[in-house]
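# Close look at the chain arrangement
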Amino acid sequence: MISNSPDLESEYMDRKRQDSFGMFDGYDSCSEESTSSSSSEDSEDEVPSIPASLPIIKNNGQVYTYPDGKAGMATCEMCGMVGVRDAFYSKTKRFCSVSCSRSYSSNSKKASIMARLQGKPPTKKAKVLQKQPLMAKLAAYAQYQASQQQQNLAKSKAVVPVECFDWGRYICSNNLVGAPVSCFKHVPMGMCWGDLAEGVRVEVLNSDTNLSTKVYWIAGIVKLAGFKALLRYEGFDNDTIRDFWCNLCVPEIHPVGWCASSGKPLVPPKSIQNKYSNWKAFLVKRLTGAKTLPPDFAAKVHENMQFPFKKLMRVEVVDKTHLCRTRVALVEQVIGGRLRLVYEESSDDFWCHMYSPLIHAIGWSRSIGHRFKRSDVSKKIDGQMDAPAPLFAKVKDVDQNGEWFKDGMKLEAIDPLNLSAICVATVRKVLADGYLMIAIDGSEAADGSDWFCYHSTSPSIFPAGFCGINNIELTPPRGYTKLPFKWFDYLRETSSIAAPVKLFNKDVPNHGFRQGMKLEAVDLMDPRLVCVATVTRIVHRLLRIHFDGWEDEYDQWVDCQSPDLYPVGWCQLTGYQLQPPAAQMARETPPALPKQKKKAQQYKGQKKKSLLRLKEEPAEVDEFTFSQGISDQESNGSGSYYIKQEP
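Because the structure is a prediction, the values reported are computed rather than measured.

Basis of the calculations
Residues numbered from 1 in each chain as written. Predicted model: local features only at pLDDT ≥ 70, side-chain atom pairs only at ≥ 80, totals over all residues. Heavy atoms only, no water. Buried < 20%, exposed > 50% of the residue type's maximum accessible area, 1.4 Å probe, protein only. Helix = DSSP H or I, 4+ residues; strand = E, 2+ residues; numbered from the N terminus. Polar contact = N/O pair within 3.5 Å; in protein donor to acceptor, adjacent residues only side chain to side chain. Disulfide = S-S within 2.5 Å. Pairing = 2+ DSSP bridges. Axes fitted to C-alpha atoms, helices over the stretch in contact; angles between N-to-C directions. Contact = heavy atoms within 4.5 Å. Core = buried A, V, L, I, M, F, W, Y, C linked by side-chain atoms within 4.5 Å. Phe/Tyr/Trp six-rings, centres within 6.5 Å; stacked < 30°, edge-to-face > 60°.

## Overview of helix α8 (residues 279-287)
Three or more residues of α8 are buried, namely W279, F282, L283, V284 and L287. Of the residues flanking the start of α8, the one acting as N-cap is N278, its side-chain oxygen 3.2 Å from the backbone nitrogen of K280. G289 occupies a position one or two residues after α8 and carries a positive phi of about 85°.

Printed below as a string of structure tokens:
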């Protein structure tokens, strides 16, 4: 509904001081100081007659409030007009009219740039867009939705702590490369990052100004590292003096055209305000043919930041004191998809990602025949519920009929208590649904309390000979003296057979990781920590992760699709605490982490303690014994590698 109040008419006259670009009239010839008073008048806070609960939108000089109604909305890819989706042209609903469709297909992008900057469509409009009052209402509704999304994003961002580690400086000073977000399918935006790359333009706050109100300017991506981008304001060309790093998923980043549609002013940085006499022509020239963020980018970020696991959900998770069994735990905290689990009947906690292979739905252990520590808790606390089975990561269905793993078969496996080592190992028990209980040769407890569970498709187990062919050091059984280790001799001496090569997972996805890429990685020996890390080696789908500043002995072998790897900027986006490199941490240990300087000692002590527990504490009697059962699960990527058979 149109409002005709005197205050709004006065506000409209003030708005005429701004042109349709959102830039101040006469700015090209005036100094920044001379426009500061008018910019204050243009502040959103100067509209007292509109109730705070009703968002406003300006359309052709008139002010409309948000209508009480809903409709499927669409945005024209040519002119940027927002309208009713069902009334848009063609089956794909990409354009508002035939003229926009033809203009787009003929690469007439100049009109599109002008339209987006001016916040209005080209002169040729579809009939459905010609009714200005209706369109103003629809546009007001769209703005209301956008404002709600921004508020939600702002709320989520409010919990993000100040970063104690400057990724931007670290990357620039060492000329480093961050792994792209598309390498991490499990993180927010990992599946919809698209073709964001250097050269994409965005609208951001202009920090190079003396104006008392917020103003914006267009910047281009100079360098990308995970979620973080090095931005440069348009007009600075090759001058790096005002370059700045920013997380692309925070609410302050907008697609080109956002200022015009939101009534925000575009003002050139004061350092270069006199560089061009006609900033409008400059922007049109620079933005013609350029890419920007999708219109729904902020909405997708917000949607991707919603996680299905909730506090007090019950799950089955590996018992960190006895790897051979699982026990019930409650979700206590969810941060960016990472779960802090507290064991039932205990105050001990355990961190893992919601897609970790270490957690399962209640009843999983019984269904496959895995050992399980029973709980004496007879009544659930109010609010507790079993996490639904569809929330958990699925594994590939396998056919255990015919040739399959058998007890006593030999293989190579990543040691879960020493993730830098791939060891000689043995299949100790074949469970249902493709799961195996594995033991490391030479350090096995007599009661099997140090066995651990891997699925037959797990990327953490390998056929005999894998390390030799791929030039990886294989850790021989403890106490084995016939070195160098040779599989043929060992199999003969132990009267064993190697598990057939064809039973192992040979899929190698096109993961995109490269040696030297930076990322944020969980220290799986202390999984509450996420650290600055580097990919130092790639063997098919296997990544060697090095924690910056620490010795190589703390490196870890991790699968390329591990949910414990994250892009640069993930911690900032989700509010998780990032551990800086050891050298920097020793110099600038933050108050919240005063003991991290002793990581090496903690590791050694932790590992000894874990091994001691595994060998000296017998498994309790209140557990299910190995039995067979059923479940439904499925799979991952493509590609293959080849391994020679031992003679």
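## Focus: unusual backbone geometry
Of note, the bond from L483 into P484 is cis; its omega dihedral lies within 30 degrees of zero at 0°. Structurally, the position occupied by P484 is in the loop between β22 (474-475) and α12 (487-493). The residue E345 is not glycine, and still its phi comes out positive at about 65°. In this model, N471 sits at a positive phi of 55°, which is unusual for a non-glycine residue. Looking at the element boundaries, N471 is found in the loop between α11 (466-469) and β22.

## Focus on the state of the cysteines
For the structure on display, the rule yields 0 disulfides. Free cysteine C571: the closest other cysteine sulfur is in C531, separated by 8.9 Å.

## Some remarks on the sheet that holds strand β8 (residues 228-233)
Read across the open sheet, the 4 strands follow the order β6-β7-β8-β9; overall the sheet is antiparallel. Sheet topology places β6 (201-205) and β9 (244-247) at the edges, where each strand pairs with a single neighbour. Sheet twist, expressed as the mean angle between neighbouring strand axes with direction ignored, is 50°. The sheet contact formed by β8 and β9 spans 4 bridges and is antiparallel. Along β9, the bridge assignment pairs A229 with C246. Sheet contacts for helix α6 (residues 167-174): β7 (216-225), β8 and β9; angle to β9, the most-contacted strand, approximately 130°. Contacts between α8 and the sheet are confined to β6 and β7, with β7 contributing the most and set at about 30° to the helix.

## Comments concerning the nonpolar core
Ranked by size, the top nonpolar core spans 76 residues in total, and within it W193, F227, L231, I253 and I545 carry the most contacts. Not counting residues within four places of it along the chain, the set of residues in contact with W193 comprises V181, G226, F227, L248, C249 and F297. Among the nonpolar cores identified, the runner-up in size contains 59 residues, and A329, I422, V430 and F466 belong to it.

## Quick notes on the environment of L176
Along the polypeptide, L176 turns up in the loop between α6 and β5 (177-178). Owing to a relative accessible area of 15%, L176 belongs among the buried residues under this scheme. Distance from L176 to A225, taken between C-alpha atoms, is 8.8 Å for residues 49 residues apart in sequence. Residues within four places of L176 in sequence aside, it is in contact with Y170, I171, K223 and K518.

## Observations regarding the side chain of Q384
Residue position: Q384 is located in the loop between β15 (371-373) and β16 (385-386). You can call Q384 buried: its relative accessible area is 12%. In this structure, Q384 is in contact with L312, R314, L330 and E344, ignoring residues within four places of it in sequence.

## What to know about the packing of aromatic side chains
The description of an aromatic ring pair uses the distance of the two centres, along with the angle that the planes make with each other. In this structure the tally under the stated criterion is 28 aromatic pairs. Aromatic side chains Y233 and F244 sit 5.3 Å apart centroid to centroid with 45° between the ring planes, which places their arrangement in the tilted category. Of this pair, Y233 sits in strand β8 while F244 is found in strand β9, placing the two residues 11 residues apart along the sequence. We classify Y233 as buried; its relative accessible area is 3%. Judged by its relative accessible area of 23%, F244 falls in the partly exposed class. The rings of W217, Y276, W279 and F282 are connected pair by pair, giving a single aromatic cluster.

By themselves, these observations are geometric and do not establish any function.
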